[in-house]
Amino acid sequence: MTAVDERVAQNHLAQRLVVRPEIGALLGALVVFLFFSIVTEKFLTMGGVATWLDDSATLGIMAVAVALLMIGGEFDLSAGVMTASTALVTAIFATQVGLNVWLALLLSLIFALGVGALNGWLVVRTGLPSFIVTLGTFLALQGLNLGVTRLVTNSVQVSGMRRADGYESTGFVFASTFQIGDTSFRISIIWWLGFALLAGYVLVRTKFGNWIFAVGGSAPSARAVGVPVARTKILLFMTTAAAAWLVGSINILRYTTAQANEGIGLEFQYIIAAVIGGCLLTGGFGSAIGAAIGALIFGMARQGIVFANWNSDWFMLFLGIMLLGAVLVNNTFRRRAERVRR
């Protein structure tokens, strides 16, 4: 039997780690975790863990979907406001029209998928940058949210979800809690972990995942080898819209009130979390699991600052540093990965 040189095995392991886009995010999460564990005692209590996991969950769902889209070479600036739009659609149909909440959720899902398909179709059909197309969608949805809500309720919010038929069963699915010891954890954490694992599997284990990397790396080359570029991009936009519907559903059933101006600005947080998680702004490289870890870093940092009784303004400084650092690290890992694959 031939002995294997330990140095060869170690080099092989190092090469495998280098090609993983999420390795930088994992190291960053470990640093943030250790830092706040030392700075504040509350961070590691069960209540503290429940708080920063809850903070990470809805952000993480969207960050994973946005990561898939970014790996495919596109952006969606309407993702943040879409979470509010879907919540408003659900609330209006349930409280103003009187539909069962399950049916209202179905109609809001159809609405979200329609907007996502329209975004993708416009990007593919016109050749315009998705930044411009979805910026237009962002403004249109923002106007619709305010205009329709005022028209229906004479205010900028929709409330009364608790009285709607079907609220209890839908609330159990989307907004309930589960116990670990004496501490309550939000069901949104389970949705986040499940969605991240599903997206990670699709990305690295399926043909569609290969298509995503191919169209993000070079759409003309992907088209030349038979990849359905248009269909892939449209499905990615629809996936982002579906994730926004899930987050909107969680929010409306948890808080029972939807504000017309919610979600504005969150799209940048989703993109930043995806970048921290290993995605490149140029497409073709990234990780769904890394995006979930990027959202975890968000949650730990935001709540860790609160637990430490620091001014919340420091979070924006942290965010800027993390973004710049992630871009530099991701570029470094991508170059090393390309050398290893050669």
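Whatever comes next refers back to the structure up there.
Residues numbered from 1 in each chain as written. Predicted model: local features only at pLDDT ≥ 70, side-chain atom pairs only at ≥ 80, totals over all residues. Heavy atoms only, no water.

Before going further, it helps to spend a moment on the side chain of Thr 153. Inspection of the secondary structure assignment puts Thr 153 in helix α6 (residues 130–153). A polar side-chain atom of Thr 153 sits 2.7 Å from the main-chain carbonyl oxygen of Thr 149. Polar side-chain contacts of Thr 153 include one of 3.1 Å to the side chain of Ser 155. If near-sequence neighbours (up to four positions away) are discounted, Thr 153 is found in contact with Gln 96 and Val 158. (Helix = DSSP H or I, 4+ residues; strand = E, 2+ residues; numbered from the N terminus. Polar contact = N/O pair within 3.5 Å; in protein donor to acceptor, adjacent residues only side chain to side chain. Contact = heavy atoms within 4.5 Å.)

Below, the discussion takes up a nonpolar patch on the surface. On the surface, a cluster of nonpolar side chains totalling about 600 Å² of accessible area is made up of Phe 35, Val 39, Trp 310, Trp 314, Leu 317 and Ile 321. Put simply, the parts of the chain that give the nonpolar patch at least two residues each are α2 (23–39) and α14 (313–341). It is α14 that provides the largest number of residues to the nonpolar patch, a total of three residues. Within the secondary structure layout, Leu 317 lies in helix α14. We classify Leu 317 as partly exposed; its relative accessible area is 45%. (Patch = residues over 30% accessible without salt bridge, like charges linked within 9 Å, V, L, I, M, F, W, Y side chains within 5 Å. Areas by Shrake-Rupley, 256 points an atom, 1.4 Å probe, with all protein chains shown as cover. Salt bridge = Lys/Arg side-chain N within 4 Å of Asp/Glu carboxyl O. Buried < 20%, exposed > 50% of the residue type's maximum accessible area, 1.4 Å probe, protein only.)

The next point concerns unusual backbone geometry. Of note in the backbone geometry, Asn 154 takes a positive phi value of approximately 60° without being a glycine. Relative to the helices and strands, Asn 154 is located in the loop between α6 and β1 (157–158). Its identity is not glycine, yet Thr 256 carries a phi of approximately 65°, on the positive side. Residue class for Thr 256 comes out buried when judged on its relative accessible area of 10%.

Here we take up α2. Compared with an ideal rise of 1.5 Å per residue, which puts 17 residues at 24 Å, α2 spans 25 Å between its outermost C-alpha atoms and is within 8% of the ideal. Within the sequence span of α2, burial applies to Ile 23, Gly 24, Ala 25, Gly 28, Ala 29, Val 32, Phe 36 and Ser 37. (Expected span 1.5 Å × (residues − 1).)

Next up on the list: the packing of helix α9 (residues 207–217) against helix α11 (residues 229–255). The geometry of α9 relative to α11 is characterised by a closest axis approach of 10 Å and an angle of 100° between their N-to-C directions. Classed by the angle they form, the pair α9 and α11 counts as roughly perpendicular. For the pair α9 and α11, the contacting residues are Phe 208, Trp 211, Ile 212 and Val 215 in the first and Val 229, Arg 231, Thr 232, Lys 233, Leu 235 and Leu 236 in the second. (Axes fitted to C-alpha atoms, helices over the stretch in contact; angles between N-to-C directions. Parallel < 35°, antiparallel > 145°, perpendicular 65-115°, else oblique.)

Further remarks concern the packing of aromatic side chains. In total, this model carries 13 aromatic pairs according to the counting rule given. Aromatic pair Phe 43 and Trp 52: ring centres 5.1 Å apart, planes at 15°, arrangement stacked. Classification of Phe 43 as buried rests on a relative accessible area of 0%. Summarising the aromatic geometry, the rings of Phe 178 and Phe 185 are spaced 5.8 Å apart at their centres and angled 20° between planes, so their arrangement reads as stacked. Taken together, the aromatic side chains of Phe 33, Phe 35, Phe 36, Phe 43, Trp 52 and Trp 310 make up a single cluster linked through ring pairs. (Phe/Tyr/Trp six-rings, centres within 6.5 Å; stacked < 30°, edge-to-face > 60°.)

Within the secondary structure, Ser 249 sits in helix α11. If we ignore the near neighbours within four places in the chain, the residues touching Ser 249 are Leu 105 and Phe 174.

With that settled, the discussion passes to the pairing of strand β2 (residues 177–180). Pairing of β2 with strand β3 (residues 183–186), which is carried by four bridges, proceeds in the antiparallel orientation. Across the sheet, Gln 179 pairs through a bridge with Ser 184, a residue of β3. The turn joining β2 and β3, which pair antiparallel and follow one another in sequence, is formed by two residues; a positive phi near 70° is taken by Gly 181. (Pairing = 2+ DSSP bridges.)

Taken together, the buried positions of helix α7 (residues 167–175) are Tyr 167, Thr 170, Gly 171, Phe 174 and Ala 175. End-on view of α7: buried residues confined to an arc of 105°, all on one side of the axis. Turned more than 90 degrees away from the buried face of α7 sit Glu 168 and Phe 172, all of them exposed. Buried positions along α7 lie against α5 (101–126), β2, β3, α8 (188–205) and α11. (Arc of directions from axis to C-beta.)

With respect to the helices, strands and loops of the structure, Val 81 is situated in helix α4 (residues 79–97). On the accessibility criterion, Val 81 (0% relative accessible area) is buried. Separated by 56 residues in the primary sequence, Val 81 and Thr 137 have C-alpha atoms spaced 9.3 Å apart. In this structure, Val 81 is in contact with Phe 138, Leu 141, Gln 142, Asn 145, Glu 262, Gly 263 and Glu 267, ignoring residues within four places of it in sequence.

Further remarks concern the packing of helix α3 (residues 46–71) against α11. Two packed helices can be described by the angle between their axes and the distance between those axes. As a packed pair, α3 and α11 sit with axes 7 Å apart at the nearest point and diverge in direction by 165°. In terms of orientation, α3 and α11 fall into the roughly antiparallel class. As α3 runs across α11, the sense of the crossing is left-handed. Contact residues: α3 offers Asp 54, Thr 58, Ile 61, Met 62, Ala 65, Val 66, Leu 68 and Leu 69, while α11 offers Leu 236, Phe 237, Thr 239, Thr 240, Ala 243, Ala 244, Leu 246, Val 247, Ile 250, Asn 251 and Arg 254. Looking at side-chain class alone, the contact of α3 with α11 contains 13 nonpolar, four polar and two charged residues. (Left-handed = near helix turned anticlockwise from the far one by under 90°. Nonpolar A, V, L, I, M, F, W, Y, C, P; charged D, E, K, R; others polar.)

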